[in-house]
Amino acid sequence: MPIFRLARSRARLSCSTAVLALLTSSVALAQTEPSVGTSDSIETVTVTGSRVSTAGFQSPTPVTVLGEKSLGLLGNTALHDLEYSIPALAPNVAVVSQSGNPGLSTFNLRNLGPTRTLVLMNGMRAMPSEPTNNTVDANLLPAILISNVNVVTGGASAAYGSDAVAGVVNLTIDNNFVGLKGNFQAGMTEYSDYQNLDGSIAYGTNFGAGDKGHFEIAGDWYVNNGVCCQTSRPWDKAEYGLVANPNPNTLPHNFVSPNTRLATENPGGIITSNGPLKGLTFAPDGTPSPFQYGSSVGSIFMIGGDPRAGDFARYGNISNETARITGYASASYQIAEDLAVNAEVMVGRSNYYYAVIPNIDPADITITRDNAFLNSSIRATMIANGLNTFTMGRTNEDFGPKEGGQVIIAPVFNTHHMAVGANGKLSDWTWKAFVQYNSDTMADRLYQDKNLKNFALAVDSVVSPTTGQPVCRATLTNPSNGCVPINLFGFGAPSQAALNYVTGTSVVNETETELDAGIDVQGAPFSTWAGPVSVASGFEWRREAQNGSQDAVTAALGYYNETPAIAGSYTVAEGYLETVVPLATDLSWAKNLEVDLAGRITGYSTSGITETWKVGVNYTPLDDQFRIRGTWSHDIRAPNLSELFQPRTLGLQTVLDPVTGQQTVATTVNGGNPLLLPEQANNLTGGFVYAPDWLPGFQASIDYFGISVHGAINTLAPQQVVNNCYQANLPAYCSQIVRNPGNGGINSVTVAKFNFQTLETDGADIEASYSFAGEDLWKSIPGNFTVRMLGNYVEHLQVSASGQTLEYAGQDGSVGTVTPGLPHFRSNLTTVWDWAPFTVQADLHYIQGGTLNNAYILGVDISQHDGHVANRTYLDISGTYDYTDHLQLFGKMANVLDTAPPLTPTNILKPLASGSPLFDQLGRSFALGVRVKF
């Protein structure tokens, strides 16, 4: 179990600690007189992983904080970039459209997935922004009013509820802002793309007698024209790809090569069937000619050869086109000394536009000998050799006027949030209550998508015996079917009428609603010999529902790239109790010792009752310089609406039947599973905080983390379902297999989502900060400095299922169930020089090198050189200048050295030279802005 592997991690951790020690000691030796700087890098924590609020209690759970000043130096799009500033957050794969995601900025602690990180806004669940996966898009939150971001890197389900398996990200809104402020920023890359404009404004005021009321309003907007393609960057001019060795007797089995081309399809079509026709391609007029094969020709790729069979990276976006706008308003009023009420409203809209690969047909188009458009010489060869059909591959880049025939995805997300609440005090108890309603909609449009049924009918064309013109074979028996035959022989050969028939716009609309109500009370009902015992308790009820609609073709699974909408709902009721109990104060062996105990009982309408708990310890042995902390918790993640209610879809796949010993083609049924149970997780953190008196301004912490998630939800392969039934004797899987009552063979296998995986990760978080005056380094250096280092070390990141364990720690390529893997070590070193009116910040982002794919055996599956991914260090510089008390100028240069990403190619149909989002793909970029405040 990873949570007990701390000893095995010490050797590697010691290297990181030694580097940190050298850094801080070199600064300390240069001091002449201790002094503390004025940077806000060390800030007050407002969310601690605990519901209890007591003076003097310091959370046993590690918390990383970025305050308003730190966020300001990151720029207006700071939330978008947090995964690079806080290494415990995995890179945001949703930023890159190559992953098929719509460009959302989600939080993903420990790379266990965004659904296992709970996102809060002012301590309440943030509104979901994307119905399909129930994730929160941080870009739609009111950035200008966010005063700090707190990242609780440990399980907190007992305190906050489901989804806090990996931790909690809380975004604190400044609901006491008075005045007027605005930000405006413009930016672009050195390559004159990723042009973006960002603006925001906020106004707050007090009202009523004695300023008992407060009102504020804010708005943000952002536009970005994206980045078209990898070939716009120097590092992909050579068209690198991961190529399978076509000779099974020669090692390695895979290698990375430039000039990677597609071997079985091109824009005009390639005959792929074995025989006398293999390797013929077609000119625009349909004339056949030999296809120019390159070397190392495989089932997907080759090296060199016909330049028209180049890769699709020239189409794939590095970054999506984006436009969004958000609005926020809140009001509060102090009705009495012990009673206040509040309300808030937030709306947001985001539009994304990006292209995915064309409606490619990789060697799977069947052409009959009587095809109406077939070249006569090809038909003659087929007759002479007794061939009735052949197969052909085609990229279909002429299937639309946009982006080389690619499918254009243009989702629109709308979010609405409304909340009312009250808080007050009764005797020595404080309380707060709230009701919030969240609604998010997605209008997904896929343009130029291939209609599978119409395409199959249009391809099967013949010459009409009555008119002598091309006609669909199906039209001969059904003249009113509207089928238009399609000519696929040569780029540009399909008529516009045929393209209109075989492509269309897939329409899916999803709406998710959440009604959430809760009440919390806090107090200190009694004291022990060591001080008051603090207690927090509360109750919450929540209903989540999703409904959708789609066009008729999508509903019938008739499009190549889209699935039907989701419909379903569930309710949850939960109550919790948490207490902080001081055990010792100002004793010879303990300056302070206290425990944090929490428990929560949760009832789901879909899966019943589950429990979570937490035990935390804070121990300060002698003085405040050194503190030991630790937390052991049991956490859960309930299945989301998509996992429960995603519509079932059908497919075909070959499986080996252990009963008959025969292979059979079975129908596969994929989709949601309403019988899913909550994932169960055990979470252990432990470490220490050191803030020595002999070095004022310095503090450091090292915390071990170990997380083990059992019953993690994912989709099984059909063969795994069969094996789990007949080899592992698991009845739950046997119920998913339907046999033919006549011959006893397998008819269908349900591969819907199951609680079958185990996810395990362990490692350590390292944080250190040192603030000092410039004159402590050298008497003529003005201002104050703060140096802050955040590091994340991952010993293991494992996915286990069906007796197989895959390791993703140390993998820098984007391959596998957890995408991508994580390097063993990532860090961010920030240096801030604050010399009024100037503030300058330099950030060094380090990503340790690793493997392209941990599953590869170096020297066998891939060479030592190709299988290794080099480390990268990126330098960002930003600064502000307070021109007046009301006007601040801002500038930032990211990736100052224009450092190219290492090669991390994939072997999918769209070869990518750098498929891993761990590394920057934009290159050097610039941003300039102004901020005003009155």
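**Some thoughts on the overall build of the protein chain**
The helix and strand inventory of the protein chain stands at 14 helices and 46 strands. For the protein chain, the residues scored as buried account for 57% of the 934 residues in total. Contacts spanning at least 24 positions in sequence make up 71% of the contacts within the protein chain whose residues lie at least 6 apart. Looking at the protein chain as shown, the accessible area adds up to about 36,400 Å², and 59% of this sits on carbon and sulfur atoms.

**Observations concerning the pattern of salt bridges**
What the rule picks out here adds up to 22 salt bridges. Note that Glu 679 and Arg 116 form a salt bridge whose closest N and O atoms lie 2.8 Å from each other. Linking Glu 679 in strand E33 (residues 679-690) with Arg 116 in the loop between helix H3 (82-85) and strand E2 (117-121), this pair joins segments that are 563 residues apart in sequence. When its relative accessible area of 1% is taken as the criterion, Glu 679 is described as buried. Between Asp 703 and Arg 629 there is a salt bridge, and its shortest N-O distance comes to 2.7 Å. Residue Asp 703 is located in strand E34 (residues 698-715), and its partner Arg 629 is located in strand E30 (residues 626-637); the two are separated by 74 residues in the primary sequence.

**Details of the environment of Thr 761**
On the secondary structure map, Thr 761 appears in strand E37 (residues 753-773). Taking the relative accessible area as the measure of exposure, Thr 761 reaches 1% and is therefore buried. With 651 residues separating them along the chain, Thr 761 and Arg 110 place their C-alpha atoms 7.7 Å apart. Looking at Thr 761, its side chain comes within polar contact range of the main-chain oxygen of His 796, at 2.7 Å.

**Regarding the side chain of Asn 828**
Along the polypeptide, Asn 828 turns up in strand E40 (residues 825-835). A distance of 3.4 Å separates a polar atom in the side chain of Asn 828 from the backbone oxygen of Ser 85. Setting aside its immediate chain neighbours within four residues, Asn 828 contacts Tyr 84, Ser 85, Pro 87, Arg 788, Met 789, Leu 790, Asp 843, Leu 844 and His 845.

**Section: the state of the cysteines**
This structure, assessed with the given rule, holds two disulfides. One disulfide bridge connects Cys 472 with Cys 483, the sulfur atoms lying 2.0 Å from each other. With the S-S dihedral at roughly -75 degrees, the linkage between Cys 472 and Cys 483 falls on the left-handed side. Of this pair, Cys 472 sits in strand E24 (residues 470-472) while Cys 483 is found in the loop between helix H7 (473-477) and helix H8 (496-502), placing the two residues 11 residues apart along the sequence. This pair shows no difference in class: Cys 472 is buried, exactly as Cys 483 is. Covalently, Cys 725 is tied to Cys 734 through a disulfide, its sulfur atoms 2.0 Å apart. A torsion of 100 degrees about the S-S bond marks the disulfide between Cys 725 and Cys 734 as right-handed.

**A short note on the packing of aromatic side chains**
Tallied over the entire structure, the rule returns 20 aromatic pairs. When the centroid spacing of 6.2 Å and the interplanar angle of 70 degrees are considered together, the rings of Phe 698 and Tyr 770 count as edge-to-face. With Phe 698 in strand E34 and Tyr 770 in strand E37, the pair connects residues that are 72 residues apart, well separated along the chain. We classify Phe 698 as buried; its relative accessible area is 12%. Given the relative accessible area of 3%, Tyr 770 is considered buried. Summarising the aromatic geometry, the rings of Trp 835 and Phe 838 are spaced 6.4 Å apart at their centres and angled 40 degrees between planes, so their arrangement reads as tilted. Using a relative accessible area of 39% as the deciding quantity, one classes Trp 835 as partly exposed.

**Overview of the pairing of strand E44 (residues 872-882)**
The sheet contact formed by strand E41 (residues 838-847) and E44 spans 10 bridges and is antiparallel. Pairing of Leu 844 across the sheet is with Leu 875, part of E44. One ladder, built from six bridges, connects E44 with strand E45 (residues 887-894); its direction is antiparallel. Bridging from a neighbouring strand, Ser 878 pairs with Lys 892 of E45. Hairpin connection from E44 to E45: four residues lie between these consecutive antiparallel strands.

**Brief notes about the environment of Asn 196**
Locating Asn 196 in the fold gives a position in strand E7 (residues 196-207). Through-space distance from the C-alpha of Asn 196 to that of Gly 226 is 8.2 Å; in sequence the pair is 30 residues apart. Excluding its chain neighbours within four sequence positions, the residues that come into contact with Asn 196 are Gln 185, Ala 186, Gly 187, Met 188, Tyr 222, Val 223 and Asn 224. For Asn 196, the side chain forms a polar contact with the main-chain oxygen of Tyr 194, separated by 2.8 Å.

**A word on unusual backbone geometry**
Looking along the chain, the bond that leaves Leu 251 and enters Pro 252 is cis, with omega of -5 degrees. With omega at 10 degrees, the peptide bond leading from Ala 836 into Pro 837 counts as cis. Structurally, Pro 837 is set in the loop between E40 and E41. With phi around 65 degrees, Ser 192 is a residue other than glycine that occupies positive phi space. Positioned with a positive phi, Tyr 194 is a non-glycine residue whose angle comes to about 55 degrees. Positionally, Tyr 194 belongs in the loop between strand E6 (179-189) and E7.

**A word on the nonpolar core**
Core analysis: the largest hydrophobic core is formed by 54 residues, its most contacted members being Leu 82, Ile 86, Phe 107, Leu 145, Val 149, Val 169 and Leu 171. Elements with a contribution of two residues or more to this core: E2, strand E4 (146-152), strand E5 (167-173), E34 and strand E38 (784-801). With four residues, the single largest contributor to this core is E38. Of all hydrophobic cores here, the second largest spans 24 residues; its members include Leu 277, Leu 280, Phe 390 and Cys 472.

**Concerning the confidence of the model for the protein chain**
With 87% of its residues at a pLDDT of 70 or more, the protein chain shows a mean pLDDT of 84. Note on residues 1-47: pLDDT is under 50 here. Beyond four places in sequence and across chains, it has 92 contacts. Low pLDDT (under 50) marks residues 94-101, which in the prediction has 34 contacts with non-local residues, meaning those over four places away or in another chain.

**Overview of the environment of Ala 283**
By the element assignment, Ala 283 lies in the loop between strand E13 (280-282) and strand E14 (288-290). Leave out the neighbours within four places in its chain, and Ala 283 touches Phe 489 and Gly 490.

**Here we look at helix H11 (residues 718-726)**
Turning to H11, its buried residues are Pro 718, Val 721, Val 722, Asn 724 and Cys 725. Projected onto a plane normal to the axis of H11, the buried residues spread over an arc of 165 degrees and lie on a single side.

**Description of the side chain of Asp 220**
Note on placement: Asp 220 falls in strand E8 (residues 213-224). For Asp 220, which is buried and forms no salt bridge, the nearest opposite charge comes from Arg 324, at a distance of 8.0 Å. Discounting chain neighbours no more than four positions away, the residues touching Asp 220 are Leu 141, Pro 142, Ala 143, Ile 144, Gly 199, Ser 200, Arg 324, Ile 325 and Thr 326.

Rules used in this analysis
- Per chain, residues are indexed from 1 in the order of the written sequence.
- Local features in this predicted model are restricted to residues whose pLDDT is 70 or higher, and side-chain atom pairs enter the listing and the counts only when it is 80 or higher, whereas totals over whole chains, interfaces and linings include all residues.
- The basis for every side-chain value is the complete set of non-hydrogen atoms in the structure, without hydrogens or water.
- The helix count covers DSSP runs of H or I at least four residues long, the strand count covers runs of E at least two residues long, and both are numbered beginning at the N terminus.
- Exposure classes here rest on a 1.4 Å probe applied to the protein chains alone. A residue is buried below 20% of its type maximum, exposed above 50%, and partly exposed in between.
- Residues are treated as being in contact if the distance between any of their heavy atoms lies within 4.5 Å.
- Note on areas: Shrake-Rupley, 1.4 Å probe, and residue coverage restricted to the protein chains presented here.
- Between Lys or Arg on one side and Asp or Glu on the other, a salt bridge is scored when a side-chain nitrogen of the former is within 4 Å of a carboxyl oxygen of the latter.
- A 3.5 Å cut-off defines polar contacts: any pair of N or O atoms within that distance qualifies, except that in protein one atom must be a possible hydrogen donor and the other a possible acceptor, and neighbouring residues in sequence count only when both atoms are side-chain atoms.
- Only a pair of cysteine sulfur atoms within 2.5 Å qualifies as a disulfide here.
- Side-chain rings of Phe, Tyr and Trp, where Trp is taken by its six-membered ring, are said to pair if the distance between their centres is within 6.5 Å; with planes under 30 degrees apart they count as stacked, over 60 as edge-to-face, and otherwise as tilted.
- A strand pair is defined by DSSP finding two or more bridges across the two strands.
- Residues enter a nonpolar core if they are buried and are Ala, Val, Leu, Ile, Met, Phe, Trp, Tyr or Cys, with the set joined through side-chain atoms within 4.5 Å.
- As a per-residue quantity, pLDDT reports the predictor's confidence and falls between 0 and 100.
- Note that the arc is defined by the directions from the helix axis to the C-beta atoms.
- Charged residues are defined here as Lys and Arg on the positive side and Asp and Glu on the negative side; His and the ends of the chain fall outside this count.

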